[in-house]
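The lines below spell out each chain.
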Amino acid sequence: MFAARASAAGGKGGKFSVEELYGFNKKPKVNRGKSGKQEKGDGKKVAKEKEESLLASQIMEAARRLMERRRLEVYLKECDVTVQHTQMPYRNLGKSGLRVSCLGLGTWVTFGSQISDELAESVMTIAYDSGVNLFDTAEVYASGRAETTLGNILKKKGWRRSSYVVTTKIYWGGQAETERGLSRKHIIEGLRGSLARLQLDYVDIVFANRSDINSPMEEVVRAMTFVIEQGMAMYWGTSRWNAMEIMEAYSVARQFNLVPPICEQAEYHYFQRDKVELHLPELYHKIGIGAMTWSPLACGLLTGKYNDGVPESSRAAMKGYAWLKERLCSDEGKKQLSKIKELHLVADRLNCTAAQLAIAWCLRSEGVSTVLLGVTNTEQLLENLGSIRVLSQLTPPLIAEMEMLLGNKPRNTKEVRS
């Protein structure tokens, strides 16, 4: 739309900036008297000019976002990637009343580390405009820089605080012995540090980012209840806890009239299934625990990018990710790559990408409230958001076909015994 206007009007090489297109490239004139000071009678005029200037900046920002989205759509079309605008579905987080988008945006590896702050802002803007209302981070991500980047973007965008959900995780906060773990001291001090970096008065959910054998469960639950009562968080949850630990936390909360956890963050994809498909559904029905899952693409493995080796720009080639490279080169990794190639054929039949199929597959699981996405560019984000369209295509016969290809459906030991 903007390109057509530019070419029709001429200009410098047929291109105009947003300011030129909307006529906001000139600063508002301010009438000054002979002494160079603003005349008293121009007070109302100056106020009006300020309002017009503010309105102009808001229109420019909206226009930039629209132009950016148009460029992305053109790019994806050239790459033969179809993007259909699908309304974002929302789900309750477990049996709580908190409504979250079925796709959330994570910041692990990316924010404050792998991508620039400018790109992070573009990713967040497109996500928010597409209906994503959940943004996840942790005190340990990029040594706190991920929280800082997220907080700076939220402050700059000026979105209503009531319109989105921010979650962070507490466990690894620093090098000192008292700066890690789930002691009452670190939960409270760690969350205060996170809020300072996020520039927020509260987070919606604070997660215990693993269990801590050195901290009594009652101390953990009491500390989480305290930060909620102090207005530092709305809810609390667990991350990488097993079913027995979650049940113990719930029991302690009920025994002492404290606040129980509402959800568990767990890894979930084609090759990591037992916890989300066997244990969490039982906890959901018994005590209302929801599932917020991460790594739906298994660090990029399921996209097919590693089918012919490890690309230099991939996560497996990054410093500190030798474990991922080793996993890819193992016998089990080679078997998984073979299955991924077969699943690509299923994706081709559905006219979607392998990534979209993998994310939609995660969303179809019972009890999964939201799936966290980790993206390094805006094109990847738009592609992943397209998984919502694929979800309706996952019919029982298709799921059965995928189960045959994967050959790893979890089996309930209770059912096997009976």
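Keep in mind the model is a prediction, meaning the values are calculated, not measured.

K.L.:
Just give me the short version of the overall build of the protein, but keep the residues and values in it.
P.N.:
If you tally the helices and strands in the protein, you get 17 helices and 10 strands. For the protein, with 418 residues in total, the buried portion stands at 49%. Partitioning the intrachain contacts of the protein with sequence separation of at least 6 by distance along the chain shows that 76% fall at a separation of at least 24. Roughly 21500 Å² of accessible area belongs to the protein as shown, and the carbon and sulfur atoms make up 50% of that amount.

K.L.:
Give me the lowdown on the pattern of salt bridges, citing residues and values where you can.
P.N.:
What the rule picks out here adds up to 15 salt bridges. Salt-bridge contacts for Arg-180 lead to Glu-177; the nearest nitrogen and oxygen are separated by 2.9 Å. Taking the relative accessible area as the measure of exposure, Glu-177 reaches 61% and is therefore exposed. Note that Arg-273 is salt-bridged to Glu-277, the shortest N-O span being 2.9 Å. We note that Arg-273, like Glu-277, is buried. Linked through salt bridges whose partners overlap, the residues forming this network are Arg-273, Glu-277, Arg-364 and Glu-403.

K.L.:
Lay out the pairing of strand E10 (residues 368–373) with the relevant residues and their values.
P.N.:
Each regular strand displays side chains that alternate between the two surfaces of the sheet. Taken across its 6 residues, E10 has 6 buried, putting it largely inside the fold. Taken together, the 3 bridges between strand E3 (residues 103–106) and E10 define a ladder with parallel strand orientation. Residue pairing in the sheet places Gly-104 in a bridge with Leu-372 of E10. By the bridge criterion, 3 bridges tie strand E9 (residues 290–294) to E10 in an arrangement that is parallel. Among the inter-strand pairings, Ala-291 is bridged to a residue of E10, identified as Val-368.

K.L.:
Talk me through the nonpolar core; I want residue IDs and the actual numbers.
P.N.:
Residues Leu-103, Phe-135, Tyr-270 and Leu-357 are the most contacted members of the largest nonpolar core, which totals 95 residues. A per-element tally of this core places helix H13 (residues 354–363) first, with 8 residues. Setting aside chain neighbours within four positions, we find Leu-103 in contact with Met-88, Val-132, Ile-359, Leu-363, Thr-370, Val-371, Leu-373, Asn-384, Leu-385, Ser-387 and Ile-388. The next biggest cluster of nonpolar side chains, apart from the first, holds 12 residues, and it includes Leu-98, Val-100, Ile-205 and Phe-207.

K.L.:
An account of unusual backbone geometry is requested, with residue identities and associated values reported.
P.N.:
Of note in the backbone geometry, Val-109 takes a positive phi value of approximately 75° without being a glycine. By the secondary structure assignment, Val-109 is in the loop between E3 and helix H4 (110–114). One non-glycine residue, Asn-257, lies in the positive phi region at around 60°. Note on placement: Asn-257 falls in the loop between helix H9 (243–255) and strand E8 (263–267). For Asn-257, a relative accessible area of 72% puts it in the exposed group.

K.L.:
Give a detailed account of the sheet that holds strand E5 (residues 165–170), specifying residues and quantitative values.
P.N.:
Spatial ordering of the closed barrel is given by E3-E4-E5-E6-E7-E8-E9-E10, a layout of 8 strands whose pairing is parallel. For this sheet, the mean inter-axis angle between neighbouring strands, taken without regard to orientation, is 30°. In the sheet, strand E4 (residues 134–136) pairs with E5 via 3 bridges, with the strands oriented parallel. Each bridged residue has a counterpart across the sheet, and for Asp-136 the counterpart in E5 is Thr-167. Contacting E5, strand E6 (203–208) and strand E7 (233–239), helix H7 (residues 184–198) runs over the sheet at an angle of about 135° to E5.

K.L.:
Describe the packing of helix H8 (residues 217–229) against H9, with residues and values.
P.N.:
The interhelical angle for the contact between H8 and H9, taken along N-to-C directions, is 65°, at an axis separation of 9 Å. Taken together, the axes of H8 and H9 lie roughly perpendicular to each other. Handedness of the H8/H9 crossing: right-handed. Of the residues in H9, those in contact with Met-217, Glu-218 and Val-221 of H8 are Glu-245, Glu-248, Ala-249, Val-252 and Ala-253.

K.L.:
Any details on the pairing of E8? Residues and values, ideally.
P.N.:
Burial analysis of E8 places 4 of its 5 residues in the buried class, the great majority of the element. Where E7 and E8 come together, 2 bridges link them in parallel fashion. Within E8, the residue paired with Ser-239 across the bridge is Gln-265. Once you follow E7 into H9 and on to E8, the crossover reads as right-handed. Pairing of E8 with E9, which is carried by 5 bridges, proceeds in the parallel orientation. Across the sheet, the residue bridging to Glu-264 is Ala-291, located in E9. Where the polypeptide runs from E8 across helix H10 (residues 274–287) and back to E9, its parallel neighbour, the crossover connection is right-handed.

K.L.:
Run through the confidence of the model for the protein, naming residues and quoting values.
P.N.:
Averaged over the protein, the pLDDT score is 85; the fraction of residues at 70 or greater is 78%. A low-confidence stretch, residues 1–30 stays under pLDDT 50, and its non-local contacts, those more than four residues away or across chains, total 37 contacts.

K.L.:
Lay out the side chain of Ser-211 with the relevant residues and their values.
P.N.:
Relative to the assigned elements, Ser-211 resides in the loop between E6 and H8. In terms of polar contacts, Ser-211 uses its side chain to reach the side chain of Glu-245, at 3.0 Å. Residues in contact with Ser-211, not counting those within four places in the same chain, are Tyr-171, Leu-182, Trp-241 and Glu-245.

So, how was this worked out
Residues numbered from 1 in each chain as written. Predicted model: local features only at pLDDT ≥ 70, side-chain atom pairs only at ≥ 80, totals over all residues. Heavy atoms only, no water. Helix = DSSP H or I, 4+ residues; strand = E, 2+ residues; numbered from the N terminus. Buried < 20%, exposed > 50% of the residue type's maximum accessible area, 1.4 Å probe, protein only. Contact = heavy atoms within 4.5 Å. Areas by Shrake-Rupley, 256 points an atom, 1.4 Å probe, with all protein chains shown as cover. Salt bridge = Lys/Arg side-chain N within 4 Å of Asp/Glu carboxyl O. Pairing = 2+ DSSP bridges. Core = buried A, V, L, I, M, F, W, Y, C linked by side-chain atoms within 4.5 Å. Axes fitted to C-alpha atoms, helices over the stretch in contact; angles between N-to-C directions. Parallel < 35°, antiparallel > 145°, perpendicular 65-115°, else oblique. Left-handed = near helix turned anticlockwise from the far one by under 90°. Right-handed = clockwise from strand over helix to strand, strands pointing away. pLDDT = per-residue confidence, 0-100. Polar contact = N/O pair within 3.5 Å; in protein donor to acceptor, adjacent residues only side chain to side chain.

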